[in-house]
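Residues per chain, in single letters:
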Amino acid sequence: MTDHTDTATANGSPGAPLWLLAELTYRCPLQCSYCSNPLDFAAVKQELTTDEWIDVLTQARAMGAVQLGFSGGEPLVRKDLETLVAEARRLGFYTNLITSALGLDEARIHALRDAGLDHIQISLQASDPDVAAAVAGSAKAHAKKLAMARAVKEAGYPMVLNVVLHRHNIDQLDTIIALCDDLGADAVELANCQLYGWAHLNRAGLLPSQAQLEAAEATTNRWRQRLAERDRDMRLLFVVPDYYADRPKACMGGWGSIFMTVAPDGAVLPCHSARMLPMDFPNAREHPLQEIWYDSAAFNRYRGDDWMQEPCRSCDERHKDVGGCRCQAYMLTGDPAATDPVCDLSPDHHLIEAARREAADDSRSAQALTLRNARESQVFCRT
Amino acid sequence: MNQTGIDTLVYRLRPGWRLQWEEAQQRHVLLYPEGMVKLNDSAGAILGQLDGQRDVATLIERLQAQFPEAPDGAIAEDVHAFLVDAQQQGWIQHD
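Because the structure is a prediction, the values reported are computed rather than measured. (Residues numbered from 1 in each chain as written. Chains lettered and ligands numbered in written order. Predicted model: local features only at pLDDT ≥ 70, side-chain atom pairs only at ≥ 80, totals over all residues. Heavy atoms only, no water.)

Colleague: Explain the overall build of chain B here, please?
Modeller: Broken down by element type, chain B carries 4 helices and 5 strands. Each helix and strand of chain B, ordered N terminal to C terminal, gives the series α-β-β-β-β-α-α-α-β. Computed over C-alpha atoms, the radius of gyration of chain B comes to 13 Å, within 12% of the 12 Å expected from 2.2 N^0.38 for 95 residues, which places it in the range of a compact globule. Its C-alpha atoms give chain B principal-axis dimensions of about 35 × 30 × 20 Å. For chain B, with 95 residues in total, the buried portion stands at 44%. Within chain B, contacts between residues separated by at least 24 positions form 50% of all contacts whose residues are at least 6 apart in sequence. For chain B, the accessible area works out to roughly 4900 Å², and carbon and sulfur atoms hold 47% of it. Of note, chain B has its 7 positive side-chain charges centred 10 Å away from the centre of its 14 negative side-chain charges. (Helix = DSSP H or I, 4+ residues; strand = E, 2+ residues; numbered from the N terminus. Rg over C-alpha atoms; globule rule 2.2 N^0.38 Å. Buried < 20%, exposed > 50% of the residue type's maximum accessible area, 1.4 Å probe, protein only. Contact = heavy atoms within 4.5 Å. Areas by Shrake-Rupley, 256 points an atom, 1.4 Å probe, with all protein chains shown as cover. Lys, Arg positive; Asp, Glu negative; His and termini not counted. Charge placed at Lys NZ, Arg CZ, Asp CG, Glu CD.)

Encoded structure:
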């Protein structure tokens, strides 16, 4: 009856980019220490204009893109968000706003609704206001988020809450889920922190212990049972941190397979982390998306399996996990074509084990982690 | 649930979900927050009949008129099986 698989085949021609992530800006009022934005985000100055974004949306839709995420940074910083939502919806996209909720108020919730926005996903940092404040670098954000979550629900949107889990909030999972239940969420993403960008910088201070992780999974399962008994329809999606897995994730469903990110300055990427890789990515200001997706060296670089090295090359599971994540391979080994070290068959797997040990020895508080902001980012800017 | 029971129900898509014909994919898809279900022809035809007003019996009549060549009872059987499955998956709801 249904087919959830993507349309790209292992070695055939790629399918359409069904998913477009529009990172409207790197500007953000929060400073989350687990942010996946590039460390040198402050070097990006020239955001695409409203007309340039509309052109990007129009081209992507014509290519078959249908799910659209407005993200960032904080997309609400862009004053033209309502205009872009209206245009996207007119084109036939399913429009998702992925937001911290800062910059949202009731008037804007209704304006976005009128523009045709389909869904708002709000991130929460914790259930405890002090932990939330330490992680996001803002004392006021938490209360604002709760108020806006209630307002979003009241306005009739389907509501997905996203909570990034790490060692400083994972032990509060029971009260976090209770809070999401109280807010009326339709679904909750309990996403263990992916260690890219600022999160990678703060890795030793974010990665939970195995014991914390097991307790969190048990808590999630208890809640699933409790919710089912109450006939409460709130889906809990628990995303395991791959540093505790023995096989890598099939990152983005494969490089250039279904997912396309357009960064604030028009750089076109196979995922939101990829601009850290030592390669050039084409820009939507200079090339049509069609050409970038199907013909560019960057998008073809890690398609199929010809690029793979051992142990992936001869592995039976190479089409299942596509060798894992290219960014993670590069960050940990210096070679973006290496097997993702998360795989316990990787000759570099000891790097993951070392990272777990390093995290176990790290006693920093949430307040002591490096916050993601423009001042800290300047350190990483090449120019 | 027996078939007489289901025939009086009025189903609708889960709030915020959208059924859409995708020209690029040449099929109907069901869109929801950050996700998509790719539908085959019969699933698309059945969901396309849900308007929040028609009960299942009416829906079956309309599909039978649309596909007169289908053998007797086949459409009703497909519709019943699909709706039960779609409800379990959380795609559709009834009052």
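Further notes follow.
Colleague: Please clarify how the pattern of salt bridges should be interpreted in this entry.
Modeller: Side chains bearing opposite charge may pair, as long as their charged atoms lie close to each other. Counted according to the given criterion, the structure contains 24 salt bridges over all chains. Put simply, Asp344(A) and Arg247(A) hold a salt bridge, and the shortest N to O gap is 2.7 Å. With a gap of 97 residues between them, Asp344(A) in the loop between helix H13 (326-333) and helix H14 (350-360) and Arg247(A) in the loop between strand E8 (235-239) and strand E9 (259-262) connect regions that are remote in the sequence. As a salt-bridge pair, Asp95(B) and Arg12(B) come within 3.1 Å of each other at their nearest N and O atoms. Of the two residues, Asp95(B) is situated in the segment after strand E5 (92-94) and Arg12(B) in strand E1 (residues 11-13); the sequence distance between them amounts to 83 residues. Each of Arg27(A), Glu47(A), Arg78(A) and Asp80(A) takes part in a single network of salt bridges with overlapping partners. (Salt bridge = Lys/Arg side-chain N within 4 Å of Asp/Glu carboxyl O.)

Colleague: Any chance you could explain the UniProt feature "domain: Radical SAM core" (unreviewed entry) in chain A here in plain terms?
Modeller: When the UniProt feature table is mapped onto this chain, "domain: Radical SAM core" (unreviewed entry) is found at residues 14-233 of chain A. End C-alpha atoms of residues 14-233 of chain A are separated by 36 Å, and the span's content is 44% helix alongside 16% strand. (UniProt positions renumbered as here; feature names shortened; annotations may be inferred.)

Colleague: Any chance you could explain helix H5 (residues 141-154) of chain A here in plain terms?
Modeller: The periodicity of an α-helix, 3.6 residues per turn, causes residues three or four places apart in sequence to face the same way. Residues and elements named next belong to chain A. With 14 residues, H5 ought to run about 20 Å at 1.5 Å a step, and its terminal C-alpha atoms sit 20 Å apart, in line with that. Considered for burial, the residues of H5 that qualify are Ala141, His142, Lys145, Leu146, Met148, Ala149, Ala151 and Val152. Looking at the buried side of H5, the elements it contacts are helix H3 (106-115), strand E5 (119-124), helix H4 (129-136), strand E6 (159-165) and helix H6 (173-183). Of the residues flanking the end of H5, it is Gly156, one or two places downstream, whose phi is positive at about 90 degrees. (Expected span 1.5 Å × (residues − 1).)

Colleague: Would you take a moment to explain the sheet that holds E5(A) for this structure?
Modeller: Paired through backbone hydrogen bonds, the strands of a sheet run either parallel or antiparallel to each other. Residue and element names in this part refer to chain A. Read across the sheet, 9 strands follow the order E8-E7-E6-E5-E4-E3-E2-E9-E10 without closing on themselves; strand pairing throughout is mixed. This sheet does not close on itself; its edge strands, each paired only once, are E8 and strand E10 (268-269). Examined bridge by bridge, strand E3 (residues 67-71) and strand E4 (residues 94-99) share 4 bridges and lie parallel to one another. Residue Gly69 lies in a different strand from E4, and its bridge partner there is Asn96. (Pairing = 2+ DSSP bridges.)

Colleague: Which parts of the structure should I look at to understand the interface of chain B and chain A?
Modeller: Frequently, the measure chosen for interface size is the accessible area removed from exposure when the parts meet. On the side of chain A, 27 residues touch chain B, which itself brings 22 residues to the contact. Summed over both partners, the interface of chain B with chain A buries about 2000 Å², with 51% contributed by carbon and sulfur atoms. Taken together, the links from chain B to chain A amount to 3 salt bridges. Arg61(A) is paired through a salt bridge with Glu22(B); the nearest N and O atoms lie 2.7 Å apart. At the junction of chain B and chain A, the tally comes to 10 residue pairs in polar contact (both at pLDDT 80 or more). (Buried area = accessible area lost by both parts, 1.4 Å probe. Polar contact = N/O pair within 3.5 Å; in protein donor to acceptor, adjacent residues only side chain to side chain.)

Colleague: Honestly, the pairing of strand E2 (residues 19-23) of chain A in this entry has me stumped. Any pointers?
Modeller: Regular strands place side chains that alternate from one sheet face to the opposite one. Residues and elements named next belong to chain A. Across the 5 residues that make up E2, a large majority, 5, are buried. Every second residue of E2 is oriented toward a common face, with Trp19, Leu21 and Glu23 on one face and Leu20 and Ala22 on the other, all of them buried. Relative to E3, E2 is paired through 5 bridges, and the arrangement is parallel. Residue Trp19 lies in a different strand from E3, and its bridge partner there is Gln67. Taken together, E2, helix H1 (residues 50-62) and E3 constitute a β-α-β crossover, and its handedness is right-handed. (Right-handed = clockwise from strand over helix to strand, strands pointing away.)

Colleague: Whenever I open this one, the pairing of E9(A) confuses me. Can you help?
Modeller: Residue and element names in this part refer to chain A. Residues Phe259 and Thr261 of E9 are buried on one face, and the alternating residues Met260 and Val262, pointing to the opposite face, are buried as well. As paired elements, E2 and E9 share 4 bridges and run parallel to each other. The residue bridging Leu21 from the neighbouring strand is Thr261, located in E9. The pairing of E9 with E10 spans 2 bridges and is classified as antiparallel. Residue pairing in the sheet places Val262 in a bridge with Val268 of E10. Taken together, E9 and the strand that follows it, E10, pair antiparallel across an intervening segment of 5 residues, in which Gly266 is found at a positive phi of about 95 degrees.

Colleague: Teacher, can you tell me more about the UniProt feature "binding site: [4Fe-4S] cluster" (unreviewed entry) in chain A here?
Modeller: Residue and element names in this part refer to chain A. UniProt tags Cys28, Cys32 and Cys35 as "binding site: [4Fe-4S] cluster" (unreviewed entry). In this structure Cys28 comes out as partly exposed when scored by relative accessible area, which is 28%. For Cys28, the contacting residues outside a window of four places in its chain are Gly73, Glu74 and Arg372. For Cys35, the position within the fold is in the loop between E2 and H1. Overall, Cys35 belongs to the buried group, its relative accessible area being 16%. The residues contacting Cys35, other than those within four sequence positions of it, are Tyr196, Gly197, Trp198, Ala199 and Arg372.

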